[in-house]
Amino acid sequence: MPFILRAMRYLDYAATTPVLPEVTDAMVGVLRGDFGNPSSVHAYGRAAREIVEDARDRVASAIGASPAEIVFTGGGTEADNLALKGATRKLRGNGNHVITTAFEHHAVLDTVEWLGHNEFETTVLPVGPDGLVDPAAVAAAVRPSTILVSIMAVNNEIGTAQPLARIVRAVKEANPSTLVHSDAVQMLGNLAVNVHELGLDFAAFSAHKFGGPKGVGFLFARSHTPLEALLHGGGHEGGLRSGTLNVPGLAGQGVAAEIAAKEVDDKIERVGAMRTRLWQGIEDSIERVRLNGHPTERVPGTLNVSFEGADGETLLLLFDAAGIACSAGSACQSGAIDPSHVLLAIGVPREIAKGSVRFSLGRDSTDEDVDTVLEVLPGIVERARKVG
Amino acid sequence: MIKRKAVVAMSGGVDSSVAAALLVEQGYDVTGIMLKLWRGEAANVDSGCCNVGAASDARRVADTLGIPFYVLNFAERFEQTVIDNFHADYASGRTPNPCVRCNQWIKFDALLERATALGADVLATGHYARVRSDGGRYRLLRGVDHNKDQSYVLWMLDQAKLARALFPVGDMAKSETRRMAAQLGLRTANKPDSQEICFVRNGDLPAYVDEHIPASNRPGPMVSTKGEQVGEHRGIARYTIGQRKGLGISLGMPVFVRSIDAETNTIVVGRREELACGGFAACETSWVDQPLQVGREVLIQYRSHGEVYTGRVESSSPGRVGVVFDRPVEAVARGQSGAFYDVNRPEQLLGGGVISSTVAATTCV
């Protein structure tokens, strides 16, 4: 194992989060003890099934849903795919129009694009310069043939939180039979979640964004919503997602979800304060910077900043060399960074979008993390501006 | 002791992989960088160089060596410089050498700049060439493996750039490089060499031209040196000076492409004797040490995998040099590079330029 992680400062919680110790304990316990297949009839199966159902209860509780409305998946991307493809296939008889927005995560955007190539009509709505979706604009796009609208709860790159309740209301007023899905992957753990209060029909979640393990997630699917499976096989998860369940992973996810929901208020306050200090410090020490996205309608930890005239790749590499983990844009298949489609969607000029960095703080972030960033930032920006 | 920082341009191929390994062995603080030169995701999945598969090969090698590795997005700059020039050259009847342009505008320019910003002292590549220093002056020599020597594509490196350039595999034969790669457990040890232009899918140049340089794709007349039409060509970009195959005409004797006139969209063909070139002028010249004096004898290489021919400098002005061959040669194409080597030390590159005009043997003094 060649890599030695020196004293690194982690400011990339939006990419993934450290696994909570309680989660690890729960998972190791399952790995060591309860290896049974939850579908088996015998006692080993029962023990494993109980773990799974306990996890289902915790997860449902964390988002204000009933356990019967939870479909376990292999992550957030799969949950988005299941909702978008599974619901539209089932609803094909009612219409063929799907709406989403330009700044969604690729798990939604690419899937909607795929639907567009497969006999569905799609509308990709623009987003306001403050990174907020306008409920009226969504409603205006709804037609009699619209079967599904997908709007992300929290944007992963700029951290803005959408007025979901108002959006859902506006959509249902325009067409009561249109279903609403939300990629809520960045929501749980950062904001209070109650899917029924929001009126959502589908919502996707991913464990590794809230202190759980990678490779595990779930889809909230409101009772009686039409949904078809993507994975066929043994008929698990009510026929909606075949495949033997990842028992240790789900155990971890359950514990993580419970803790995330419980700690959210404290997080909003504590992490929010650190982020505010980070932004203040950046504004005070660097010129020609801008904060991307609405200043207050956002989750506590995410801060996306454009450094005018700086080369984004150079910024990231210099941060890495300085022991600071943050991110920018989105990595494509090769690992190169492309300017963020989110920034471009909210109207940030391409040249400025290229010089943007996303810092995202989280549960274990400290004031030292913020101090370290502020200390090295001016030098890094200066060098990156020489190249850009 | 502070380690010198090196950025290694990694392509995922065996040469740059071993170059990185050698520098790690030599105690440098190495960072591997791969350039993403293509647009989009799926583009060039089939091309020999620089694609997604190559990136994961390079990344795996970097992991094995324990060095940081990044892929930098240079697609826009590459398109605006190398690819643009490629299209413009073909459209005007020249034969471009994009690998030379990439070295000139991307690797030892944009990438060198970036490496400097990242704090690197030197930029290393997997080229087969050698840099030597003698009391503060730098020399560029051919690679030890003459079959693999790539000094020809490095003619644009001057003192300032040579001071910051390293070619770790230049002192090795290719077989040694592969052996070392295998010993190091690098998965690229047996990867075949890429001979093709990295941005031309499947190495299919005619298809590329069809798609991207339609202006050079229009059929036009093929004429003899006397001006008589002898056939039709399928678009000037499909032909290069000296080409014999694929002309689609039968005149009872071998004929070759003698010249390409983009303005009239005409190709002139001639017998072998009519191809003879007496000399050429090169522009955008760069000299390792200093511009060559008029009258100086030099060894001239005018093709990537070509021989050297003796000749001498006939004219010299800033950015330009004119040379004549001792004996006429064949198929000198505008747009290709002219590289010059020292007659007394044939390994030593003196400099070079881009061939801008040629002089037919029959009209030369």
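Preceding this section is the structure that the text describes.
For clarity, every value in this text was computed on a predicted model and none was experimentally measured.

Enquirer: Which residues make up the overall build of chain B, and what are the values?
Expert: When helices and strands are tallied, chain B shows seven helices and 17 strands. Whereas a compact globule of 365 residues would reach a radius of gyration of roughly 21 Å, chain B reaches 21 Å, a difference of no more than 12%. Seen along its three principal axes, the alpha-carbon backbone of chain B occupies a region of about 70 × 50 × 35 Å. Counting over 365 residues, chain B shows a buried share of 53%. Within chain B, counting contacts between residues at least 6 apart in sequence, those at least 24 apart form 63% of the total. Accessible surface computed for chain B: about 16,000 Å², of which carbon and sulfur atoms make up 48%. Side chains of chain B give 42 positive and 40 negative charges; the mean places of these two sets differ by 2 Å.

Enquirer: Which residues make up the side chain of Ser17(B), and what are the values?
Expert: Residues and elements named next belong to chain B. Within the secondary structure, Ser17 sits in helix α1 (residues 14-25). We classify Ser17 as buried; its relative accessible area is 1%. Filtering out sequence-adjacent residues up to four positions away, Ser17 remains in contact with Met10, Gly12, Val61, Leu65, Leu186 and Thr188.

Enquirer: Please set out the interface of chain B and chain A residue by residue, giving values where relevant.
Expert: Contacts between the two partners involve 21 residues from chain B, matched on the other side by 20 residues from chain A. Summed over both sides, the interface of chain B with chain A buries roughly 1,800 Å², with 51% coming from carbon and sulfur. Counting across the interface, chain B meets chain A through four salt bridges. A salt bridge links Arg114(B) to Asp311(A), with the nearest nitrogen and oxygen atoms 2.9 Å apart. Counting across the chain B and chain A interface gives six residue pairs in polar contact (both at pLDDT 80 or more). Only β2 (29-36), α2 (52-65), β3 (69-73) and α4 (98-117) of chain B provide two or more residues apiece to the side of chain B that touches chain A. Taken together, the residues of the side of chain B that touches chain A break down into 11 nonpolar, three polar and seven charged.

Enquirer: Before we move on, can you summarise the sheet that holds strand β14 (residues 356-360) of chain A with the specific residues and values?
Expert: Strands in a sheet are paired, the pairing made by backbone hydrogen bonds, and the direction either parallel or antiparallel. Residues and elements named next belong to chain A. Taken in spatial order, the three strands line up as β9-β10-β14 in an open sheet, and their pairing is antiparallel. The outermost strands of the open sheet, each flanked by one partner alone, are β9 (289-291) and β14. For this sheet the average axis-to-axis angle between neighbouring strands, irrespective of direction, equals 25 degrees. Where strand β10 (residues 302-307) and β14 come together, five bridges link them in antiparallel fashion. Bridging across to β14, Ser306 finds its partner in Ser356. Of the strands in this sheet, β9, β10 and β14 touch helix α8 (residues 247-285), which is tilted by about 10 degrees from β10.

Enquirer: Which residues make up the packing of aromatic side chains, and what are the values?
Expert: Counted by the stated rule, this structure contains 16 aromatic pairs over all chains. An aromatic cluster of at least three residues, connected via ring pairs, comprises Phe280(B), Trp287(B), Tyr302(B), Tyr309(B), Phe325(B) and Phe340(B). Taking the ring centre of Trp114(A) as reference, the NZ or CZ of Lys85(A) above it sits at 4.8 Å. Positioned above the aromatic ring of Phe120(A), the side-chain terminus of Arg92(A) is 5.1 Å from the ring centre.

Enquirer: How would you summarise the packing of helix α3 (residues 75-91) of chain B against helix α7 (residues 205-212) of chain B if you had to cite specific residues and measurements?
Expert: Residue and element names in this part refer to chain B. Direction vectors running N to C along α3 and α7 enclose 90 degrees, while the axes themselves pass 12 Å from each other. One element, α3, and the other, α7, form an angle in the roughly perpendicular class. Here Ile83, Phe86, His87 and Tyr90 of α3 lie close against α7, whose contacting residues are Leu205, Tyr208 and His212. In the contact of α3 with α7, the residues fall into five nonpolar, two polar and no charged.

Enquirer: A description of empty space enclosed by the protein should follow, citing residues and the corresponding values.
Expert: One water molecule sets the probe size; rolling that probe over the atoms shows where empty space is left. This model, assessed by the stated rule, comprises two cavities of 30 Å³ or more. Its boundaries defined by the atoms lining it, the largest cavity holds a volume of some 270 Å³. Lining the largest cavity we find 23 residues, and of these Tyr13(A), Thr17(A), Asn190(A), Lys209(A) and Lys267(A) sit closest to its centre. In this model, the second largest cavity occupies a volume close to 30 Å³. Considering the residues around the second largest cavity, the lining is formed by Asn85(B), Asp89(B), Pro96(B), Asn97(B), Val100(B), Arg101(B), Gly335(B), Ser337(B) and Val354(B). When its residues are assigned to classes, the lining of the second largest cavity shows three nonpolar, four polar and two charged.

Enquirer: Go over α4(B), please, and point to the residues and values.
Expert: Residues and elements named next belong to chain B. The principal kink in α4, of about 30 degrees, is found at Leu111. Extensive coverage of α4 is indicated by the burial of 14 of its 20 residues. Measuring from the side-chain oxygen of the N-cap residue of α4 to the backbone nitrogen of Cys99 gives 3.2 Å; that N-cap residue is Asn97. A positive phi of about 90 degrees marks Gly119, the residue just after α4.

Cut-off values and rules
Throughout, residues of each chain are indexed from 1 in the direction in which the sequence is written. Working convention: letters from A go to chains and numbers from 1 go to ligands, in the order in which they are written. A pLDDT threshold of at least 70 governs which residues receive local features in this predicted model, and a stricter bar of 80 or more applies before side-chain atom pairs are shown or counted, although totals over entire chains, interfaces and linings include all residues. Hydrogen atoms and water are omitted, and side-chain values are computed over all heavy atoms in the structure. In this text, helices come from DSSP runs of H or I with a minimum length of four residues, and strands from runs of E with a minimum of two, each type numbered from the N-terminal end. All radius of gyration figures rest on C-alpha atoms, and the globule criterion is 2.2 Å times the number of residues raised to 0.38. The cut-offs for exposure are 20% and 50% of the maximum accessible area for each residue type, with area from a 1.4 Å probe on protein chains only; residues under the lower value are buried, those over the upper are exposed, and the others partly exposed. Note on definitions: a residue-residue contact is assigned when non-hydrogen atoms from the two residues lie within 4.5 Å. Computed with the Shrake-Rupley method and a 1.4 Å probe, the accessible areas treat only the protein chains shown as cover for residues. Charge convention: Lys and Arg are scored as positive, Asp and Glu as negative, and His as well as the terminal groups of each chain are ignored. Charge coordinates come from a single atom per side chain, which is NZ of Lys, CZ of Arg, CG of Asp or CD of Glu. Throughout, buried area stands for the accessible area (probe radius 1.4 Å) lost by two parts on being put together, summed over both. Salt bridge criterion: a side-chain nitrogen from Lys or Arg within 4 Å of a carboxyl oxygen from Asp or Glu. Polar contacts, as used here, are pairs of N or O atoms within 3.5 Å; protein pairs need one atom able to donate a hydrogen and one able to accept it. Residues neighboring in sequence count only if both atoms are side-chain atoms. Throughout, the ten residues Ala, Val, Leu, Ile, Met, Phe, Trp, Tyr, Cys and Pro are labelled nonpolar, Asp, Glu, Lys and Arg are labelled charged, and all others, Gly among them, are labelled polar. What makes two strands pair is DSSP finding at least two bridges between them. To get an axis, a line is fitted to the C-alpha atoms, and for a helix only the part in contact is used. The angle between two axes follows their N-to-C directions and goes from 0 to 180 degrees. Note on ring pairs: Phe, Tyr and Trp rings are taken, using the six-membered ring of Trp, and paired if centres are within 6.5 Å. Classes follow the plane angle, with under 30 degrees stacked, over 60 edge-to-face and the rest tilted. By definition, being over a ring means that NZ of Lys or CZ of Arg is both within 6 Å of the ring centre and within 35 degrees of the ring normal. Roughly parallel refers to an angle under 35 degrees, roughly antiparallel to one over 145, roughly perpendicular to one between 65 and 115, and oblique to any angle outside these ranges. Of the grid points, spaced at 1 Å and generated over the protein atoms alone, those admitting a 1.4 Å probe that cannot get out make up cavities, while open sets with protein on both sides within 12 Å along at least five of seven lines make up pockets; any residue with an atom within 4 Å of a point is treated as lining. Grid points are joined across faces, edges and corners, and a volume is the space filled by probe spheres set on the points. Fitting axes to the seven residues that end at a residue and to the seven that start at it, the angle between those axes gives the bend at that residue.

By themselves, these figures tell us nothing about what the structure is for.
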